[in-house]
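# Understanding the architecture of this molecule
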Amino acid sequence: MSESDTSSGAARAAEFERWANVFTAHQAFSHPSELHGALCGRLAAGSRIQEPEWLNMVCEHMGLPEDAAEESDDLAPFMNKAYEQTLALLQSADMSFHPLLPDDEYAIEQRLEALVAWVRGFLEGMALTAGESLGQAPDEIRELIEDMVAISQLSEDEEADEESEQQLLEITEYVRLGALAVFTEFNAPEKPVSDSPTLH
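Criteria and thresholds
- Residues numbered from 1 in each chain as written.
- Predicted model: local features only at pLDDT ≥ 70, side-chain atom pairs only at ≥ 80, totals over all residues.
- Heavy atoms only, no water.
- Salt bridge = Lys/Arg side-chain N within 4 Å of Asp/Glu carboxyl O.
- Helix = DSSP H or I, 4+ residues; strand = E, 2+ residues; numbered from the N terminus.
- Axes fitted to C-alpha atoms, helices over the stretch in contact; angles between N-to-C directions.
- Parallel < 35°, antiparallel > 145°, perpendicular 65-115°, else oblique.
- Left-handed = near helix turned anticlockwise from the far one by under 90°.
- Contact = heavy atoms within 4.5 Å.
- Nonpolar A, V, L, I, M, F, W, Y, C, P; charged D, E, K, R; others polar.
- Core = buried A, V, L, I, M, F, W, Y, C linked by side-chain atoms within 4.5 Å.
- Buried < 20%, exposed > 50% of the residue type's maximum accessible area, 1.4 Å probe, protein only.
- Expected span 1.5 Å × (residues − 1).
- Arc of directions from axis to C-beta.
- Phe/Tyr/Trp six-rings, centres within 6.5 Å; stacked < 30°, edge-to-face > 60°.

To continue, consider the pattern of salt bridges. A full pass over the atoms with the stated rule returns five salt bridges. Here Arg18 ties to Glu15 by a salt bridge, and the two come within 2.6 Å at their closest N and O atoms. Of this pair, Arg18 and Glu15 both sit in helix H1 (residues 3–25), three residues apart, which is roughly one turn of the helix. A salt bridge links Arg142 to Asp139; the nearest nitrogen and oxygen atoms lie 3.1 Å apart. Note that Arg142 and Asp139 are positioned in helix H7 (residues 139–151) at a spacing of three residues, about one turn of the helix.

With their axes 10 Å apart at the nearest point, H7 and helix H8 (residues 162–186) run at an angle of 140° to one another. Considering the angle they form, H7 stands oblique to H8. As for how H7 packs across H8, the hand of that crossing is left-handed. Along its contact with H7, which presents Ile141, Leu144, Asp147, Met148 and Ile151, the element H8 presents Ile171, Tyr174, Val175, Gly178, Ala179, Ala181, Val182, Glu185 and Phe186. Classifying every residue of the contact of H7 with H8 gives eleven nonpolar, one polar and two charged.

To continue, consider unusual backbone geometry. Phi is positive for Gln27, which is not a glycine, with a value near 50°. Checked against the element boundaries, Gln27 lands in the loop between H1 and helix H2 (32–44). Its identity is not glycine, yet Met95 carries a phi of approximately 55°, on the positive side.

Before going further, it helps to examine the nonpolar core. Formed by 58 residues in total, the largest nonpolar core has its most connected members in Trp54, Met62, Met79, Trp118 and Phe122. Those elements that place two or more of their residues in this core are H1, H2, helix H3 (51–62), helix H4 (68–71), helix H5 (75–91), helix H6 (108–130), H7 and H8. The element contributing the most residues to this core is H6, with eleven residues. In this structure, Trp118 is in contact with Ser33, Glu34, His36, Gly37, Cys40, Phe97, Pro99, Leu100, Leu101, Val175 and Ala179, ignoring residues within four places of it in sequence.

Over its 23 residues, H6 extends 32 Å from the first C-alpha to the last, a length consistent with the 33 Å expected when each residue adds 1.5 Å. Immediately downstream of H6, the backbone of Gly131 shows phi near 55°, a positive value.

This part takes up H7. Helix length check: H7, at 13 residues, gives a terminal C-alpha distance of 18 Å against a target of 18 Å (1.5 Å per residue), a fit within 8%. Of the residues making up H7, those classed as buried are Ile141, Leu144, Ile145, Met148 and Ile151. The buried residues of H7 occupy one face: seen down the axis, they fall within an arc of 115°. Residues of H7 that are buried make contact with H6 and H8.

Below, the discussion takes up the packing of aromatic side chains. Applying the stated criterion to the full structure yields five aromatic pairs. A centroid spacing of 5.9 Å and a plane angle of 50° characterise the contact between Trp54 and Tyr83, whose relative ring orientation is tilted. Of this pair, Trp54 sits in helix H3 while Tyr83 is found in helix H5, placing the two residues 29 residues apart along the sequence. Residue Trp54 is classed as buried on the basis of its relative accessible area of 0%. Ring geometry for Phe97 versus Trp118: centroids 6.3 Å apart, planes at 50°, classification tilted. Pair noted here: Phe97 is in the loop between H5 and H6 and Trp118 is in helix H6, with a separation of 21 residues, a long-range link. With respect to burial, Phe97 and Trp118 carry one shared label: buried. Taken together, the ring pairs in this structure connect Phe97, Trp118 and Phe122 into an aromatic cluster.

Okay, here's the thing in structure tokens:
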């Protein structure tokens, strides 16, 4: 594994911990991976969420009162930054986007639980945004969604061994690339700003 892989892995692990700490501080009932998945599902299906709606979504997912984001000093700034970062990573040409998941310091059961929560959130967010139009999506996107539905039903009771570690890595990578494929399908490429003709 290259140094850049190691450092990006460490950055992703730290990002999960930041989300987890916010969820713990606010005594949220849900999993941070599920909220991140729901956000990614909506963005991937072409939606852009205004700040008040996003913060309502955050509070609803976390099981908090609607005004919790206004009452808290850290929740709105953290979540607004998280929204911007997530959208930027999905749009990035270098495919550096990753689902928000704990690293391998966590037990495999916890990592599988987080992946299942992320995929459930993603499917929910995508269905909310795309609705009926998912039925008209290309075959490979529909197959991908069917696979994700199957992944969302995996159980955490799997026996942990080296083979299951490898399978979890493969499924996680499949989900990551799948989310990017959905994003590419439902979002027009970003137009480079510099190419627009300037009027004098």
